[in-house]
Amino acid sequence: MVKQIRLAVAATVVCGLAGLASPEVAGAVAHRPAASSGTKVKLGKTAHGRVLVGPDGKSLYDLTADGRNASHCNALCRYGWPPLMTSGKPRAGAGVNSAKLGQTANHQVTYYGKPLYYYAGDSKPGDTSGEGVHSFGGYWYLQNAKGRNVR
């Protein structure tokens, strides 16, 4: 219930801001990696166990509504769920299967074919407030090293 309320408040704020955002601001929402190499995906400790995290140590999620190597998260969705992007071949940290890392046609990092996202409500490494949230046509789940949802 608390997650739904937080999401409803966030969606209201996002809807209000969406009309004000320029294309430059909208593009800045996605986490962009350094231009010199691919984004590194690693494992981090959370209350849900060891899960995939981005280079900044923040938890990564998948959306059950997404297709294999295809994101269904629209522009409004990306304000609350910024995609993990890469400028080169994604790299694996310890415990992450490098053969299962990939990217969509738009350079969003995938793991076992599932596009990966941050949650705007997570402010620091170890936060997992997006786990189990239902929005944008599906559920959002953390992934473990085997590419399975931790739910």
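In this text the structure is predicted, and so the values were computed from the model without any measurement. (Residues numbered from 1 in each chain as written. Predicted model: local features only at pLDDT ≥ 70, side-chain atom pairs only at ≥ 80, totals over all residues. Heavy atoms only, no water.)

Peer 1: What am I meant to see in the pairing of strand E9 (residues 138-142) here?
Peer 2: The side chains of a regular strand alternate, first on one face of the sheet and then on the other. Extensive coverage of E9 is indicated by the burial of four of its five residues. Across three bridges, the pairing between strand E3 (residues 61-63) and E9 is antiparallel. Across the sheet, the residue bridging to tyrosine 61 is leucine 142, located in E9. In the sheet, strand E8 (residues 134-135) pairs with E9 via two bridges, with the strands oriented antiparallel. The partner of serine 135 across the bridge, within E9, is glycine 138. (Buried < 20%, exposed > 50% of the residue type's maximum accessible area, 1.4 Å probe, protein only. Helix = DSSP H or I, 4+ residues; strand = E, 2+ residues; numbered from the N terminus. Pairing = 2+ DSSP bridges.)

Peer 1: Which parts of the structure should I look at to understand the side chain of threonine 128?
Peer 2: In this structure, threonine 128 sits in the loop between strand E7 (114-115) and E8. Excluding residues that lie within four positions of it along the chain, threonine 128 makes contacts with Thr46, His48, Ser59, Tyr61, Asp122 and Leu142. (Contact = heavy atoms within 4.5 Å.)

Peer 1: Looking at this structure, I do not really get the environment of aspartate 62. What am I missing?
Peer 2: As for its position among the elements, aspartate 62 is in strand E3. Residue classification places aspartate 62 among the buried residues on the basis of a relative accessible area of 4%. Sequence separation between aspartate 62 and glutamine 143 is 81 residues, and the spatial gap between their C-alpha atoms is 7.2 Å. Filtering out sequence-adjacent residues up to four positions away, aspartate 62 remains in contact with Lys114, Pro115, Tyr117, Tyr139, Trp140, Tyr141, Gln143 and Asn149.

Peer 1: I would appreciate a short explanation of the sheet that holds E8 in the present structure.
Peer 2: Strands pair in a sheet through their backbones, by hydrogen bonds, and they do so in one of two ways: parallel or antiparallel. Strand order in the open sheet formed by three strands is E3-E9-E8, with antiparallel pairing between adjacent strands. Looking at strand neighbours, the two that pair on one side only are E3 and E8, the edges of this open sheet.

Peer 1: Help me understand the pattern of salt bridges, please; the structure alone is not making it clear to me.
Peer 2: Side-chain pairs of opposite charge can arise whenever the charged atoms involved come near each other. Applying the stated rule across the entire model yields two salt bridges. Lysine 114 serves as the salt-bridge partner of aspartate 62, at 3.6 Å between the closest nitrogen and oxygen. Here aspartate 62, found in strand E3, pairs with lysine 114, found in strand E7; they are 52 residues apart in sequence, far enough to count as distant. Residue aspartate 127 pairs with lysine 124 through a salt bridge whose shortest N-O separation is 2.9 Å. On the accessibility criterion, aspartate 127 (16% relative accessible area) is buried. (Salt bridge = Lys/Arg side-chain N within 4 Å of Asp/Glu carboxyl O.)

Peer 1: In this structure, what is going on with the sheet that holds strand E2 (residues 49-53)? I would like to understand it.
Peer 2: The three strands are arranged E2-E1-E4 in an open sheet whose pairing can be described as mixed. One side of each edge strand has no neighbouring strand; the edge strands of this open sheet are E2 and strand E4 (91-92). Sheet topology note: the strand E1 (residues 40-46)/E4 ladder contains two bridges and is parallel. Within E4, the position partnered with valine 41 by the bridge is alanine 92.

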